[in-house]
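Here is what each chain is made of, one letter per residue.
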Amino acid sequence: MRTATLVAWMLAGSCRPSHEGLTPPSPLDASWIAQVTREPATFAALVDESSRDGWVAFHRCAFEEAAEAFLGDAPTTREARGRALVEAMLLYEDLARVGDVVWQVLADTWKDHPGVPPGSGLPYVAGLAALERGDASAARSWFDLGTGASDPEVAEACRWMATRAEGGPESDVSNGLVGRTLGHLEARRTGRLDPRLHADGPLVQDRDPQGTVIRTFGDPQWLRTWASVARHRALEILDARGIAEALSDPVPGSDPLSAVIFGPCHASSDCTAFQDVPRSGTALLDDFGMGASLPPTDDADQARRAVRALDARFDSWTASLHGTVSADGRALLDDLALAAVFRSRVLLAEARVAMRSDQPARALTLALLALDLASARQIGPVNHPGLYAVMAEAQLRTGHTREALDALQVLETLLPGLGGLEEAANDLAVLQGIDRYGDSKEN
Amino acid sequence: MTMSSSRCPCRPYPGAGSLAAALLAFALPASAVPFRYAEDLAPGIVHPLYTTTMAEARISELVFDGLYTDDPQLASTPGLALSAGLSPDGREMTVRLREDVTWHDGAPFTARDVVFTIQAMKDASTLSTESGRVAWIDQAVLVDAHTVRLVFRQPERRPEDKLHFKILPAHLFPETPIRRTGTFRHRPVGTGPYKVISFNEDNSITMRAVSGEGDPAGLAEVAMREVSDKNYQAKLLLYESLEALVRVLPRDLAVLQNHRKVELYPYQTNSWWYLGFNLDRTPYDEPSVRQAIAALIDIDALLAPIGTGDVVSGPYVPSSPYCNHQVPRFEHQPSQADALLSEAGFVKEARTWTRNGQPLRLKVVSHRTLESSQEVVINLQSQLREAGIGVEPEFLDDASWKARIWRERDYDLVLSQWTFDRSEDVYDQFHSSGTRNFTGYANPEVDTLLEKARTTTDPQVKKTALREVHRLVHDDVPMVFLWTLDSYAAFSSRVHNVVIHPFYFFTWVQNWRME
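What you see is a predicted model, and the numbers here were worked out from it, not measured in a lab.

Caption draft 1: Representation of the confidence of the model for chain A within the structure. Scored by pLDDT, chain A comes out at a mean of 90, with 92% of its residues at no less than 70. Predicted confidence in chain A is weakest over helix α1 (residues 3-11) of chain A, with a mean pLDDT of 48, and strongest over helix α18 (residues 385-397) of chain A, with 98.

Caption draft 2: The sheet that holds strand β15 (residues 347-349) of chain B, seen in detail. All names here are of chain B. As summarised here, the arrangement of the three strands in space is β15-β16-β17, forming an open sheet in which the pairing is antiparallel. The open sheet terminates on both sides in strands that have one partner only, identified here as β15 and β17 (358-359). The pairing of strand β16 (residues 352-355) with β17 spans two bridges and is classified as antiparallel. Bridging from a neighbouring strand, T354 pairs with P359 of β17.

Caption draft 3: Expanded view of the pairing of strand β10 (residues 221-226) of chain B. All names here are of chain B. Of the pairings in the sheet, the one linking strand β1 (residues 35-39) to β10 comprises five bridges and is parallel in character. What sits directly across from E39, in β10, is E226. One ladder, built from four bridges, connects strand β9 (residues 205-209) with β10; its direction is antiparallel. Bridging across to β10, T206 finds its partner in A223.

Caption draft 4: Summary view of the confidence of the model for chain B. Looking at chain B, the pLDDT average stands at 90 and 92% of residues meet or exceed 70. This complex was scored by the predictor with a pTM of 0.91 and an ipTM of 0.90.

Caption draft 5: Representation of the interface of chain A and chain B within the structure. Tallying the contact residues gives 48 residues for chain A and 58 residues for chain B. Residue assignment for the side of chain A that touches chain B shows that the elements contributing at least two residues are α14 (300-324), α15 (327-335), α19 (401-412), α20 (421-432) and β5 (440-442) of chain A. A total of eight residues in the side of chain A that touches chain B trace back to one element, the largest contributor, which is α14 of chain A. Of the residues contributing to the side of chain A that touches chain B, the split by class is 17 nonpolar, 13 polar and 18 charged. By the bridge criterion, three bridges tie β5 of chain A to strand β20 (residues 413-420) of chain B in an arrangement that is antiparallel.

Caption draft 6: Looking closely at the nonpolar core. Counting residues in hydrophobic clusters, the biggest one holds 225 residues, and the most contacted among them are Y92, V102, L338, L366, A367 and M391 of chain A. Here this core gets 18 residues from one element, more than from any other, and that element is helix α6 (residues 75-112) of chain A. Contacts of M391 of chain A, omitting those with residues within four sequence positions, involve L364, A367, L368 and A407 of chain A. One finds I293, V317, I389 and V480 of chain B within the second-largest nonpolar core, a separate group that totals 65 residues.

Caption draft 7: Summary view of the sheet that holds strand β4 (residues 81-86) of chain B. All names here are of chain B. Here four strands make up an open sheet; going across it, the order is β4-β5-β7-β6 and the pairing antiparallel. Here the strands that pair on one side only, and so sit at the sheet edges, are β4 and β6 (137-144). Looking at each pair of strands side by side, their axes are set apart by 20° on average, direction ignored. Pairing of β4 with strand β5 (residues 92-97), which is carried by five bridges, proceeds in the antiparallel orientation. Residue pairing in the sheet places A81 in a bridge with L97 of β5. In this fold helix α3 (residues 111-122) packs onto β5, β6 and β7 (147-152), with an angle of close to 160° to the strand it touches most, β6.

Thresholds, definitions, all that
- Residues numbered from 1 in each chain as written.
- Chains lettered and ligands numbered in written order.
- Predicted model: local features only at pLDDT ≥ 70, side-chain atom pairs only at ≥ 80, totals over all residues.
- pLDDT = per-residue confidence, 0-100.
- Helix = DSSP H or I, 4+ residues; strand = E, 2+ residues; numbered from the N terminus.
- Pairing = 2+ DSSP bridges.
- Contact = placed C-beta atoms within 7 Å.
- Nonpolar A, V, L, I, M, F, W, Y, C, P; charged D, E, K, R; others polar.
- Core = buried A, V, L, I, M, F, W, Y, C linked by C-beta atoms within 7 Å.
- Buried ≥ 20, exposed ≤ 12 C-beta atoms within 10 Å, placed from the backbone.
- Axes fitted to C-alpha atoms, helices over the stretch in contact; angles between N-to-C directions.

See below:
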């Protein structure tokens, strides 16, 4: 993707507004794409008012980096920083859902066959993962099982969690495994991460009698902690109680463009939230032929038809726009791939909605169709990291664990280690094929 | 992505005029259009005991069945088996077979077919390339017409996961061993959802749905078309002279992704290209010579013309659980190569490396239909010639490939690609007794680790063992590991309900529909 071009354009300063008209009857006429391309000066003003580096990072989906770049308390900068943190939060929440599937299936499969290794710390990690997905009963069973762990600290942590899993006075993260677990809960409560909590390295290690490490397990709490911290920070900056409120009430005095640009809502007036996922409102989705409500069954073909309907209308509208805006507007449209970015964000929002509605086949199809296949293994302006998280979850939920690893591997470039998730997914892929002899062929 | 690549349903494809002959050749009345898919090369044989290429595996999936197969969640589910019981010690499994199955020639399917297939695969004289898939079975015993007892070498926990190999009709073979060159290869009879109707003069193969199999609204007829020029495949799909491409060239992805009459589906990703040495030939039996040649190859420059992909450092792709990410990829380091060749006794005279007066020359062999192989080999020739090593390229057809590479091992360096199912089991490629180990690689440490990986039930033990295999094999350089490419299949938008098996492609074909 043309980051260099983007930077060059942003550094070039303001552009003259276009006076050419555009009148196709579509809600998109009031969209951020129409505004930016018809009046490039508005985009230049937004960039000047906040942070070029921030918008460059936001455009290429480096949201944590963008949040760091949007400095200061000016309303537009706050709105931009808040949006970047909401994007980061959504990604971590996507990944936490991936982690829920991975840990649950991994622990249950392992327990079923070949059986939890004697003395292993796996039950402690499985118990924490069960708590993460809200299954206190399963957590209790796992912690009970883990009281027989060879590592005295793990065994003690399991005993403590089995009886006091709802919390306790200790919150010192230096206080062993329990302290670490409580440190996560504290971070989620306050929105502040204790620097003594380190994401790298395993949570639990199994050792053989000689002391050699034979198994390692990551910490299943990280992703939801990161999501929670990002949420706290976003809502604090946006002065909102929830994502829906933040969407409907941008920071007073902020540039309206900052609330929607490079996002799935064509205008803040048409932005809704489904389980915290910002998505276009009914008018635009109807205009796209997608429909705002999900089909009753999880149907990949229906999703493909919906995307084709969207493409037919959106391409037509975009072509019309391309022919009527100024050279500066066309340069923005092409160099920043605005149409492809918008299309990708709309499809990602709908894929997230499908995933949260237990329609993995639809979610997977929408995410795949949103990708720019010319650079399918790279996160970038079109290839939002959330697409890979949705694909990973959908693949896992449909039993295609090995395929999910492809998506997770792309995310590894953004979040090295993924808080231990990637190795857990690796273990699951291996475990599910542990009794197979593979097949291989040439070409 | 820019406006110039917006999705257009009617954009003429460059070079359309030259397609006329191909289009006419595939023209059919609309009412009679079968589901037509393209292969680069028609399978030389249709015989599940001698399947070495993906094209052969795909057609076997249409014509034959196994005792078990994958369900859409990729869990083992009964195919020809009806039910099974495992003995408490895990050493025996009694399999009850379906009684409602007939072979495509009308003969009933029985337990004798299962026993015969296993015995034939195990018979060393059969020379089956699939023999490794039954090596864990000690005996197959006929219990009655529809019951067979399998006795295992070691206790098994989920033997059904290994019982996916295809079953042959015993009544069409006089005895074991069977021969690859027998008539069955051109008159295959299976129990699968499609029966072979004809091998046609244009190398296409026509198959018809077996009556009573699946939903009658499914694909009534399937035709495998040979389209050896991969550049034409995408064009034929766009002109509706094909319904599917099993693998799209990376450079065609943008055009197909943006075409409303085409749908792309991700396909297997566990494949990698390599340059394999003949380790029984001098001087390629010398590690330093292999390392030198690896250091002379600019892999990025070879990859650039054929598409985007990830360079691999060993026998596992970067997203594999077994990939050892500490292992560096092969880098282009000419000065290091010079030092290694000098240490090995070579001298550079008149810009050519020689030893004992003999110039260093490589016979580089590739399969004629490996996509972009000619481009890669010619670029490789240029790189090595520049470095002082001669290259004799040779491109083989399928029959010559199997004879020269698999049986006679007549090559110095081979350019090819391995594709793996999700188990990513490289045992046959790198174990000294592996049935696909035509490079002659042997490392006792690797053998031990591969055996350990097959027997352990602990995923982390297996992962650790195979990551070590990745490192050891990289260091031994039996191959120069090249790259893995993104793989997508392309379908006409007239085909619905498509779910592709990540390896065998057609496993769930009975659910596919065509307008």
